[in-house]
Amino acid sequence: MNRLSASFSLTLAAIVFVALALIPVLGSGYWTGQATRYVLFGMFAMSLSLLWGRAGMLTFGHAVFFGIGGYVMATMTMGLFGDGILSELLAQPWIALPVSVGGAALAAAALGWFLFWGRGVSGAYLAIITLSVAVVVEQAVRGFYALGGDNGLVGVPALATWAADPFNPVPMFYTVLVIAAVVYVGLDRLLRSRMGALLTAVSANPDRLGHFGYSVFVVRLGAFVLGAAIAGLAGALFVATDGFASPSLIGFGLSAEVLIWVALGGRNILLAAFLGAVAVRLAESFLSGLLGDFWLLALGMVFMASVVLLPQGLIATPMLWLNNRWNQGNRSNSRDAPGPANDGMV
Amino acid sequence: MTPRSAPCISATDQMLELADIHAGYGQVPVLRGVSLVVEPGTVMGLMGRNGMGKTTLCNVCNGLLATASGSVRLDGHLVTGNPAFEIAQQGMATVPQGRDLFEDFTVDENLGLGGPVPVEIYDWFPGLVPLRNRLAGTLSGGEQQMVAIGRALARKPKVLLLDEPSEGLQPSVIHDMGAVLRRIVDDVGLTILLVEQHVELVQAVAGSVAFLADGVIAEQVPIAVLSDSLNDNEGPVHRHLSI
Amino acid sequence: MIEAFPIFLDALSFVLILVLVASGLVIVFGMMGIINLAHGELFLLGAYTVVVAQGFGAPFWLAAALAPIVVGVAGLAIEFLLVRFVVHRPLDTILATWGLSIVIKQLVVLAFGPGSHSVAVPIDGAFSVGEFSYPAYRIVLMIVATAVIAGAGYVLVGTRFGLLARAVIARPGTSASLGINTGRVTQVSFAIGAALAGLAGALVAPLISVDPQMGLGFLVPAFLAILVGGAGSMTGLVAGGGLVGGLDSVLGGWISPVLAQITVFVLAILVIRLRPGGLFPGRGRRP
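Residues numbered from 1 in each chain as written. Chains lettered and ligands numbered in written order. Predicted model: local features only at pLDDT ≥ 70, side-chain atom pairs only at ≥ 80, totals over all residues. Heavy atoms only, no water.

**A closer look at the overall build of chain B**
Okay, step 1: From N to C terminus, chain B includes nine helices and 10 strands.
Okay, step 2: Taken along its principal axes, the extent of the C-alpha atoms in chain B is 50 × 40 × 35 Å.
Okay, step 3: Sequence separation of 24 or more characterises 69% of the internal contacts of chain B that already satisfy a separation of 6 or more.
Okay, step 4: Carbon and sulfur atoms make up 52% of the accessible area of chain B, which totals about 10400 Å².
Okay, step 5: Each charge sign in chain B was given a centre, from 15 positive and 27 negative side chains, and these centres are 3 Å apart. (Helix = DSSP H or I, 4+ residues; strand = E, 2+ residues; numbered from the N terminus. Contact = heavy atoms within 4.5 Å. Areas by Shrake-Rupley, 256 points an atom, 1.4 Å probe, with all protein chains shown as cover. Lys, Arg positive; Asp, Glu negative; His and termini not counted. Charge placed at Lys NZ, Arg CZ, Asp CG, Glu CD.)

So, in structure tokens, the structure goes:
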């Protein structure tokens, strides 16, 4: 069994998010600002866990959607669209944010339609094609003068005036944390619904799902678009936090990085993927200065070892162990407690 | 490791000896203590209903499937746990169910995969001579079965495992195949474990027959008993093969 | 007419380089089905072998002969220590080899620094006929590349080893029960693929700047060339490499190189999507 039971997962998530919420209380403003970015990367990692861990679609181009979210947000809030009143209207973050998410979703719908209709691309072919797409998109953005080319777009406005004070990152941190928690709970519930079972079926046995009258194409496309929308949301919030949209957000580099976070954390478990991103970024901020070029070497080696020896992930493996203990404890504590099978395990 | 239920004959007298084999797939046990002995130069039929583990038993013998416990001896040598290719090099050959020919390779390329093709192959299967340069995928079912058997014999094995060779073939082709197998056994003293559902083929080739049911050898009889009991509603064929 | 000739030769040499780089990948990916994202780094190791050997004063051709041996041995080690543990999990193979590519890149950065190195062109001067002249080393490279590609194709189609390799790829279980040491065949095939990548890196080194990031730039076009042509055969690769490399090179001289590469990638993805078996489906792996 490589999933967490509903009660254990909810308890663990509560602990994690409460612990994160304590960061501004216990840590400095600098760390709160950093933590905001880590949480956004964690959200990005969850969206990849949905695609890869659950629906079996290994993509090397997921940052394309993170980047599209970011660039749409940047161009709109900087007032680069339209002129006069229209431009001011489009520059409103509360309009720009949903449009960014929609933009990423739309791009994913177009790419997903192209990739998945008919017999569809999967497995290694999907990995290689998405890898090529990521390289192409990054090159296009780097060569696109209106988007700032290699330099990116500097001076992206904050989400609101209360989030604009560079010396007080706390409001933005809590905003992001609440959004991430909502996304987590929503995705977790979705995966425990019939949709979750369909996604698992798509990855395990697409042909048979087809025989049962479900459209594999629709399920794949739906997951792809949803994953991209969440990635786009994370990207849009990221540039609003950072004030900077750079081509490195949209390309192969970040796409491969998010794969490493999710693989190290645990591809099958949303919370593990989230924590994988947070943990790797945190480790990087401490160790990359200390280790220099050895940091990336160490990361590559740990990643390789984890893929070979603990394919469930370094964080998910202990989580699953605790999960089994938890469920055994629950069962022995009360006679009529539901077993794991009735406990919303999917 | 002392096999519990093996007969009290010294192990080296046997060509193929299975002792208390337990094996299965994941959590699902299929074989639950199979013990079986095949003497040199004899043909043992192995019969049983679908899903009783006949193919699983073949894959245990040739090393493609690991055993949970128990041992396989080939000509007195313990081969359990050896990689499949080593067991093949030690003298175990397999004609897998469905033949598994390399359709894109020519007949000669298929035959030669195990090693240089011995001349006897074309004596036993003269029908293959004009087909030597044809792609295996373009042959008829009977011709493909000849290639599959010839390919398995190319390494001059001690034991041949035949998994449902009659599958998908016409009665006349099955009859000819039985005659050729009998001739090969007489020519070179080959030992065969013949997994079959086709009673006539087993009668034509085998000297005795074992019935696999519920993961164990339920009964083992000389071939004469099988033939005598075909019309007997209480006989082994009815007990183990009819639904 | 005489102006078009260098463009043609540039395109041809680029195609041959691409096919040479991808020829190792055709064996490892196209035929064995192992998606090796570290192939670009094996190419990189070949180029750095030349850098190191020249540092010791070795002549270029000795260094170039050494490269496939060094990288082939590295390939054996990689197969033994990493690939065989994940080869039955194809998607994990992608990840593990991606991790490996990071490790190799960082080791090279640590050993040789992040900057670029240059390798002296071993044959100076130009080959000229009348008014027309072309760098001599490029001509030699084209001839050597053609010979290597043809040789690799012959090994796969015309030798007993090639036959065994194709058998192991098609039906590993049946091959093993015929007495073929499938693990050994896979290992040797992987090492040959690595050696070809190393040789490609060595031969191309004098024409490009050798730096730790050079692998990815060749990896993606190499994969696309294989998929466009049809995974699993050397003929498919030559066709795919011709299309991907030729178009890239010709368009690059016409519009900007970046725009050319974008166009080629997009066209290649379209072809792969519309004809999943490639333009010239071989006998090897199918999607």
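Okay, back to it.
**A closer look at the overall build of chain C**
Okay, step 1: Along the backbone of chain C there are 11 helices and two strands.
Okay, step 2: Across chain C, helices and strands are ordered from the amino to the carboxyl terminus as α-α-α-α-β-β-α-α-α-α-α-α-α.
Okay, step 3: By the compact-globule yardstick of 19 Å for 287 residues, chain C fits well, its C-alpha radius of gyration being 19 Å.
Okay, step 4: Here the C-alpha coordinates of chain C stretch approximately 65 × 45 × 35 Å along the principal axes.
Okay, step 5: The 287 residues of chain C split such that 56% are buried.
Okay, step 6: Long-range pairs, those at least 24 residues apart, make up 75% of the contacts in chain C with a sequence separation of at least 6.
Okay, step 7: Of the accessible surface of chain C, which amounts to about 11100 Å², a share of 72% is contributed by carbon and sulfur atoms.
Okay, step 8: For chain C, the separation between the mean place of its 13 positive charges and that of its 9 negative charges on side chains is 24 Å. (Rg over C-alpha atoms; globule rule 2.2 N^0.38 Å. Buried < 20%, exposed > 50% of the residue type's maximum accessible area, 1.4 Å probe, protein only.)

**Some thoughts on the sheet that holds strand β3 (residues 43-47) of chain B**
Residues and elements named next belong to chain B.
Okay, step 1: Spatially, six strands are ordered β6-β7-β8-β3-β9-β10 in an open sheet, and the strand pairing comes out mixed. Each edge of the open sheet carries a strand with a single partner, namely β6 (92-95) and β10 (216-222). Averaged over all pairs of adjacent strands, the angle between their axes in this sheet comes to 20 degrees, without regard to strand direction.
Okay, step 2: Where strand β9 (residues 208-213) and β10 come together, six bridges link them in antiparallel fashion. (Pairing = 2+ DSSP bridges. Axes fitted to C-alpha atoms, helices over the stretch in contact; angles between N-to-C directions.)

**Focus: the arrangement of the chains**
Okay, step 1: Most contacts, when the two pairs of chains in contact are compared, are made between chains A and C.
Okay, step 2: For the non-touching pair chain A and chain B, the nearest C-alpha separation works out to 13 Å.

**A closer look at the packing of helix α12 (residues 252-265) of chain A against helix α13 (residues 270-291) of chain A**
Angle between the axes and distance between the axes are the two parameters that describe a pair of packed helices.
All names here are of chain A.
Okay, step 1: The geometry of α12 relative to α13 is characterised by a closest axis approach of 7 Å and an angle of 115 degrees between their N-to-C directions. On the basis of their axis angle, the class for α12 and α13 is roughly perpendicular. Here the hand of the crossing between α12 and α13 comes out right-handed. The segment α12 lies against α13, with E257, W261, V262, L264 and G265 engaging A272, A273, G276, A277, V280, R281 and E284.
Okay, step 2: Its residues placed into classes, the contact of α12 with α13 shows seven nonpolar, two polar and three charged. (Parallel < 35°, antiparallel > 145°, perpendicular 65-115°, else oblique. Left-handed = near helix turned anticlockwise from the far one by under 90°. Nonpolar A, V, L, I, M, F, W, Y, C, P; charged D, E, K, R; others polar.)

**Some points on the packing of aromatic side chains**
Okay, step 1: Throughout the structure, instances matching the rule amount to 24 aromatic pairs over all chains.
Okay, step 2: With a centroid separation of 5.3 Å and an interplanar angle of 75 degrees, the aromatic rings of Y30(A) and W31(A) are classed as edge-to-face.
Okay, step 3: When its relative accessible area of 52% is taken as the criterion, Y30(A) is described as exposed.
Okay, step 4: Exposure remark for W31(A): the relative accessible area of 26% places this residue in the partly exposed category.
Okay, step 5: Ring geometry for F43(C) versus F218(C): centroids 4.6 Å apart, planes at 45 degrees, classification tilted. Of the two residues, F43(C) sits in helix α2 (residues 39-55) while F218(C) sits in helix α9 (residues 214-229), which places them 175 residues apart along the sequence.
Okay, step 6: One aromatic cluster is present, built from ring pairs that chain together F41(A), F44(A), F66(A), F238(A) and W261(A).
Okay, step 7: Note that R84(C) overlies the ring of F80(C), its terminal NZ or CZ placed 4.2 Å from the centroid.
Okay, step 8: The side chain of R273(C) reaches across the aromatic face of W117(A), ending 4.5 Å from its centre. (Phe/Tyr/Trp six-rings, centres within 6.5 Å; stacked < 30°, edge-to-face > 60°. Lys NZ or Arg CZ within 6 Å of the ring centre and 35° of its normal.)

**Here's the deal with the interface of chain C and chain A**
Okay, step 1: Opposite the 39 residues of chain C that make contact, chain A presents 41 residues.
Okay, step 2: Contact between chain C and chain A buries roughly 3600 Å² in total, counting both sides, with carbon and sulfur atoms accounting for 81%.
Okay, step 3: It is L95(C), W98(C) and R273(C) that lose the most area in chain C upon contact with chain A, and together they represent 20% of the buried surface on that side.
Okay, step 4: The interface formed by chain C and chain A contains one salt bridge.
Okay, step 5: Here chain C and chain A share eight residue pairs in polar contact (both at pLDDT 80 or more) between them.
Okay, step 6: Broken down by secondary-structure element, the contributors of at least two residues to the side of chain C that touches chain A are α3 (60-86), α4 (90-112), α9 and α11 (257-274) of chain C. (Buried area = accessible area lost by both parts, 1.4 Å probe. Salt bridge = Lys/Arg side-chain N within 4 Å of Asp/Glu carboxyl O. Polar contact = N/O pair within 3.5 Å; in protein donor to acceptor, adjacent residues only side chain to side chain.)

**Quick notes on the environment of L97(A)**
All names here are of chain A.
Okay, step 1: Mapped onto the elements, L97 comes out in helix α6 (residues 93-116).
Okay, step 2: Assessed through its relative accessible area of 10%, L97 is described here as buried.
Okay, step 3: Once the C-alpha coordinates of L97 and L233 are considered, the two residues, 136 residues apart in sequence, prove to be 7.3 Å apart.
Okay, step 4: With near-sequence residues (within four places) excluded, L97 lies in contact with M73, L233, A236 and L237.

**Points about the sheet that holds strand β4 (residues 69-74) of chain B**
All names here are of chain B.
Okay, step 1: An order of β2-β1-β4-β5 is seen for the four strands of this open sheet, with the pairing classed as antiparallel. Edge positions in the sheet fall to β2 (28-38) and β5 (77-78), since each of these pairs with one other strand and no more.
Okay, step 2: Here β4 pairs with β5 via two bridges, running antiparallel. Pairing of L74 across the sheet is with H77, part of β5.
Okay, step 3: Running at roughly 115 degrees to strand β1 (residues 16-25), helix α1 (residues 54-61) makes contact with β1, β2 and β4 of the sheet.

**So, the pairing of β9(B)**
For a regular strand, side-chain orientation follows a simple rule: the groups alternate between the two sheet faces.
Residue and element names in this part refer to chain B.
Okay, step 1: Burial analysis of β9 places six of its six residues in the buried class, the great majority of the element.
Okay, step 2: Neither face of β9 is exposed, since S208, A210 and L212 on one face and V209, F211 and A213 on the opposite face are all buried.
Okay, step 3: Where β9 hands over to β10, the hairpin turn is made up of two residues, of which D214 adopts a positive phi near 50 degrees.

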